[in-house]
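A closer look at the structure
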Amino acid sequence: MSTHLDLLSPLLQLFFSYFKELVGKEVTVELKNDLAIRGTLHSVDQYLNIKLENIRVVDQDKYPHMLSVRNCFIRGSVVRYVQLPPDGVDIDILHDATRREARGG
Amino acid sequence: MSWAGPEDIFLSTSLASYLDKKLLVLLRDGRKLLGVLRSFDQFANVVLEGACERVIVGDLYSDIPLGLYVIRGENVVLIGELDLEREEIPAHMVCVSVAEIRRAQKAERDATDLKGSMRKRMEFLDLD
């Protein structure tokens, strides 16, 4: 079954590839409802849906219902930020890839 | 969600690994639904069996049974896999009846409304 990657904007493919490189790293995902979750990036897909493992909720006391949640799936559309480890990526490679995309590659 | 081949099952963002598991679904309107995942699709539409809504007000909580639910994916914020070996709810919280939690919800709403109306009346003072 085709994944329809060719139908999505090329820049989205760039971020999809970028996040795939980060699988296994610790990230903090901040959602549009202000919930922030730290965890290991398990997987990402073309919609930038995110699966996190071994999560820890920032400000756990405010979210008692999340106490027993170990792993979660986050819908891409509700993500505000993804905070990355500073050494998580080679900025120059990302820069070059972006310039190539902007040029229409 | 992409459809994964058998070898992709470990790296996939597919909800397939959550099938038949008891999950917590957070909705955009702030509601928390619990239930067993029976079906899903690429839009994150899900079918929850034995669904209930967990309402939390302060240290009180209540589970309101809902039955079989189909949730439209656009309303889904997060789907969490509940670890059965851990406590779902902090020990200091008290389980109450639906009637009582509704009363608590109303009290909280009234308090927020009062705070809001008082703030509006104070706005003309321009204290900030």
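Just so we're clear, the structure is a prediction, and the values are computed from it rather than from any experiment. (Residues numbered from 1 in each chain as written. Chains lettered and ligands numbered in written order. Predicted model: local features only at pLDDT ≥ 70, side-chain atom pairs only at ≥ 80, totals over all residues. Heavy atoms only, no water.)

All right, on to unusual backbone geometry then. Residue and element names in this part refer to chain A. Positioned with a positive phi, Asp34 is a non-glycine residue whose angle comes to about 75°. Secondary-structure assignment places Asp34 in the loop between strand E1 (26–31) and strand E2 (36–44). The backbone phi angle of Asp59 is positive, close to 70°, even though this residue is not glycine. (Helix = DSSP H or I, 4+ residues; strand = E, 2+ residues; numbered from the N terminus.)

Reading across the sheet, the eleven strands line up as E5(A)-E1(A)-E2(A)-E3(A)-E4(A)-E5(B)-E1(B)-E2(B)-E3(B)-E4(B)-E6(B) and stay open at both edges, with mixed pairing between neighbours. Edge positions in the sheet fall to strand E5 (79–83) of chain A together with strand E6 (94–95) of chain B, since each of these pairs with one other strand and no more. Where strand E2 (residues 32–40) of chain B and strand E3 (residues 46–57) of chain B come together, six bridges link them in antiparallel fashion. Following the sheet pairing, Ser39 of chain B is matched in E3 of chain B by Val47 of chain B. (Pairing = 2+ DSSP bridges.)

This part is about the nonpolar core. Grouped together as the largest cluster of nonpolar side chains are 30 residues, with contacts concentrated most on Leu31, Ile37, Leu52, Met66 and Ile74 of chain A together with Leu78 of chain B. Only helix H1 (10–21), E1, E2, strand E3 (50–57) and strand E4 (69–74) of chain A together with strand E1 (22–27) and strand E5 (76–82) of chain B provide two or more residues apiece to this core. In terms of residue count, E3 of chain A provides more of this core than any other element does, four residues in total. With residues up to four places along the chain from it excluded, the contact list for Leu78 of chain B reads Leu31, Leu35, Ile37, Met66, Cys72, Phe73 and Ile74 of chain A together with Leu24, Val25 and Leu26 of chain B. The next biggest cluster of nonpolar side chains, apart from the first, holds 16 residues, and it includes Phe73 of chain A together with Leu15, Phe40 and Leu48 of chain B. (Core = buried A, V, L, I, M, F, W, Y, C linked by side-chain atoms within 4.5 Å. Buried < 20%, exposed > 50% of the residue type's maximum accessible area, 1.4 Å probe, protein only. Contact = heavy atoms within 4.5 Å.)

Contacts between the two partners involve 34 residues from chain B and, on the opposite side, 29 residues from chain A. Across the chain B to chain A interface the summed buried area is about 2,600 Å²; carbon plus sulfur atoms make up 60%. Run the count over chain B and chain A and you get one salt bridge. In this structure, the salt-bridge partner of Arg70 of chain A is Asp83 of chain B, at a minimum N-O distance of 3.3 Å. Where chain B meets chain A, there are 14 residue pairs in polar contact (both at pLDDT 80 or more). (Buried area = accessible area lost by both parts, 1.4 Å probe. Salt bridge = Lys/Arg side-chain N within 4 Å of Asp/Glu carboxyl O. Polar contact = N/O pair within 3.5 Å; in protein donor to acceptor, adjacent residues only side chain to side chain.)

Once that is clear, we can look at the environment of Asp59 of chain B. All names here are of chain B. With respect to the helices and strands, the residue Asp59 is situated in the loop between E3 and strand E4 (60–71). Owing to a relative accessible area of 42%, Asp59 belongs among the partly exposed residues under this scheme. Setting aside its immediate chain neighbours within four residues, Asp59 contacts His92, Met93 and Val94. Within the local environment of Asp59, its side chain forms a polar contact with the side chain of His92, the two groups lying 3.4 Å apart.

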